[in-house]
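# Close look at the chain arrangement
Listed below, chain by chain, are the residues.
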Amino acid sequence: MLATSLVLVAALLHATWNTLIKFSAERLLVIASMDVVALLFALLAVAFVDFPPAEIWPWLLASALAEQLYRFLLIQAYRVGDLGLVYPLMRGLSPLVVLGLTLAFAGESLSQQQIIGILLIPCGMACLLWQGGGGDRLPWSMLPVVALIGLCIGCYTWFDGQAVRLWGKPWDYLVWLSLLSSWPFPLLAGVARRGPFMLFWRTQWKLGLAVGFCVLFSYALVLWAMHLGSVAEAAALRELSVILVVLLGMRYLKEPFGGPRLLACGLVLAGMLVMKL
């Protein structure tokens, strides 16, 4: 029950920071700012955590690389697609990736009910390919990008899950992962767009802090949940954020809420209920 509660809170935070990024016209600067917050957190905390053992470093490096690719592709996808379309599509693939990796390599035991519940979630996301999910269609050229984002999310989620179960210290893992993954985008923004980046911090520092804290707390809660329970189930339950993002996009970005998006949300909710009943 604790693991489920942690994941649901993490889903709310995840939906919030993605909405804030989509809402901003300066997505590179927002992502760079959120990484500044994470990097400062890691630098302050690193003296109080243990150094990762040798067997954890491959997981750390693989996760950090997948996250960099995810951030880059996320900026591209949000330039052309509705939040309520891009976010569910990319998130819908990740439970399948985690489920496949878990069954193939992790030896984790999942019940038939859990597997059915997990599979209902990407089925819901597939509804969004019908008539643009009730709004503007996503250009076909962007579908491979969105699919690759989902693959990145699934991979780094699985990498993180294996690492925290091997090491048993999710807090320490988060600190070291933040050190590895939180410097490239601030460096890029500082070199390529130094003036706008400085102006962003002077005028929109509250947005940068809000996104940064949402990302950190969301990640910490998911790592804790995966340490406590099933990695595949935690990855799937986090997709509650899909429902929240569709509603936030409708409320704050004036995006449409057509029948396909309603059906997608219903299947996501059904999948979570099947897993937990």
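Since the model is a prediction, treat every value here as computed from it, not as a measurement. Chains are numbered independently. Their residues run from 1 in the order of the written sequence. Local features are withheld for residues below a pLDDT of 70 in this predicted model, meaning they are given only at 70 or higher, and side-chain atom pairs are given and counted only at 80 or more; totals for whole chains, interfaces and linings count all residues. Each side-chain value is derived from all of the structure's non-hydrogen atoms; neither hydrogens nor water enter the calculation.

### Considering the overall build of the protein chain
Counting from the N terminus, the helices are DSSP H or I runs at least four residues long and the strands are E runs at least two residues long. Secondary structure summary: the protein chain contains 13 helices and zero strands in total. Reading the secondary structure of the protein chain in the N-to-C direction produces α-α-α-α-α-α-α-α-α-α-α-α-α. By residue count, 56% of the 277 residues in the protein chain fall in the buried class. Intrachain contacts of the protein chain at a sequence separation of at least 6 include 88% that bridge at least 24 residues. Here the Shrake-Rupley method, with its probe set to 1.4 Å, supplies the accessible areas, and only the displayed protein chains count as covering residues. Total accessible area on the protein chain stands at roughly 11900 Å², and carbon and sulfur atoms take up 72% of it. Here the term buried applies to any residue with accessible area under 20% of the maximum for its type, exposed to any over 50%, and partly exposed to those in between, with areas from a 1.4 Å probe on protein chains only. We call two residues contacting when some pair of their heavy atoms lies within 4.5 Å.

### Re the side chain of Gln68
Within the element layout of this structure, Gln68 appears in helix α3 (residues 57-80). In protein, a polar contact means a hydrogen-donor-capable atom and an acceptor-capable atom, both N or O and within 3.5 Å, with residues adjacent in sequence counting only if both atoms are side-chain atoms; elsewhere, any N or O pair within 3.5 Å suffices. Within the structure, the side chain of Gln68 is placed 2.6 Å from the backbone oxygen of Ser181, a separation counted as a polar contact. Those residues within four positions of Gln68 in sequence are excluded, and the remaining contacts are Ser181, Pro184 and Phe185.

### Quick word on a nonpolar patch on the surface
Together, Leu69, Phe72, Leu148 and Leu151 line one region of the surface with nonpolar side chains, adding up to about 320 Å² of accessible area. Looking at the nonpolar patch, the elements with two or more residues in it are α3 and α6 (143-167). Looking at the element boundaries, Leu151 is found in helix α6. In this analysis, a patch consists of residues with relative accessible area above 30% that form no salt bridge, clustered at 9 Å for like charges and at 5 Å for the nonpolar side chains Val, Leu, Ile, Met, Phe, Trp and Tyr. When a carboxyl oxygen of Asp or Glu is within 4 Å of a side-chain nitrogen of Lys or Arg, the pair counts as a salt bridge.

### A few points about the pattern of salt bridges
Throughout the structure, instances matching the rule amount to four salt bridges. Here Arg71 ties to Asp35 by a salt bridge, and the two come within 2.9 Å at their closest N and O atoms. With Arg71 in helix α3 and Asp35 in helix α2 (residues 27-45), this residue pair connects regions lying 36 residues apart in the sequence. Taking relative accessible area as the criterion, Arg71 reaches 6% and is therefore assigned buried. For Asp50, the salt bridge identified is with Lys169, shortest N-O distance 2.1 Å.

### Concerning the nonpolar core
Note on soluble globular proteins: their nonpolar side chains tend to be buried together. One finds Trp17, Ile21, Tyr70, Met90, Ile149, Tyr173 and Val211 to be the most contacted residues of the largest nonpolar core, which totals 88 residues. If one sorts the elements of this core by residue count, α6 sits on top with 13 residues. Not counting the four nearest positions on each side in its chain, Tyr70 is found in contact with His14, Trp17, Asn18, Met90, Ile149, Cys152, Ile153 and Tyr156. By convention a nonpolar core is built from buried Ala, Val, Leu, Ile, Met, Phe, Trp, Tyr and Cys residues, the set being connected through side-chain atoms within 4.5 Å.

### A short note on the UniProt feature "transmembrane region" (unreviewed entry) in the protein chain
Residues given the UniProt feature "transmembrane region" (unreviewed entry) here are residues 28-49, 56-73, 85-106, 115-132, 138-159, 171-192, 204-224 and 259-275. In the segment residues 56-73, helix accounts for 94% and strand for 0%; the C-alpha atoms at its two ends are 26 Å apart. UniProt positions are given in the numbering used here, feature names are shortened, and annotations may be inferred rather than shown by experiment.

### Quick look at the packing of aromatic side chains
The aromatic pairing rule takes the rings of Phe, Tyr and Trp, using the six-membered ring of Trp, and pairs them if the centres are within 6.5 Å, calling planes under 30 degrees apart stacked, those over 60 edge-to-face and the rest tilted. Applying the stated criterion to the full structure yields eleven aromatic pairs. Ring geometry for Phe41 versus Trp171: centroids 5.4 Å apart, planes at 85°, classification edge-to-face. Of the two residues, Phe41 sits in helix α2 while Trp171 sits in helix α7 (residues 170-181), which places them 130 residues apart along the sequence. Put simply, the rings of Trp59, Phe105, Trp158 and Phe159 pair up and form one aromatic cluster.

### Some thoughts on the packing of α2 against α7
Running from amino to carboxyl end, α2 crosses α7 at an angle of 125°, the nearest separation of the two axes being 8 Å. In this view, α2 runs oblique relative to α7, as classed from their interaxial angle. Read as a crossing pair, α2 and α7 show a hand that is left-handed. Contacts between α2 and α7 pair Asp35, Ala38, Leu39, Phe41, Ala42, Leu43 and Ala45 from the former with Trp171, Leu174, Val175, Ser178, Leu179 and Ser181 from the latter. Asp, Glu, Lys and Arg are counted as charged, while Ala, Val, Leu, Ile, Met, Phe, Trp, Tyr, Cys and Pro are counted as nonpolar; the rest, among them Gly, fall into the polar class. Classifying every residue of the contact of α2 with α7 by side-chain character gives ten nonpolar, two polar and one charged. Only the stretch in contact is used when fitting a helix axis, every axis being a line fitted to C-alpha atoms; angles between N-to-C directions are given from 0 to 180 degrees. Orientation labels follow simple angle bins: below 35 degrees gives roughly parallel, above 145 gives roughly antiparallel, 65 to 115 gives roughly perpendicular, and whatever is left gives oblique. In a left-handed crossing the near helix is turned counterclockwise from the far helix by less than a right angle, and in a right-handed crossing that turn is clockwise.

### Examining the environment of Leu13
Relative to the assigned elements, Leu13 resides in helix α1 (residues 2-23). Beyond its immediate stretch of four places on either side in the chain, Leu13 contacts Cys214, Phe217, Ser218 and Leu221.

### A word on the packing of α7 against helix α10 (residues 205-228)
Contact geometry of α7 with α10 gives a least axis separation of 9 Å together with a crossing angle of 135°. Viewed along their axes, α7 and α10 adopt a mutual orientation that is oblique. Relative to α10, α7 is oriented so that their crossing is right-handed. Residue-level inspection shows Pro170, Tyr173, Leu174, Leu177 and Ser178 of α7 in contact with α10, the latter providing Leu216, Tyr219, Ala220, Leu223, Trp224 and His227.

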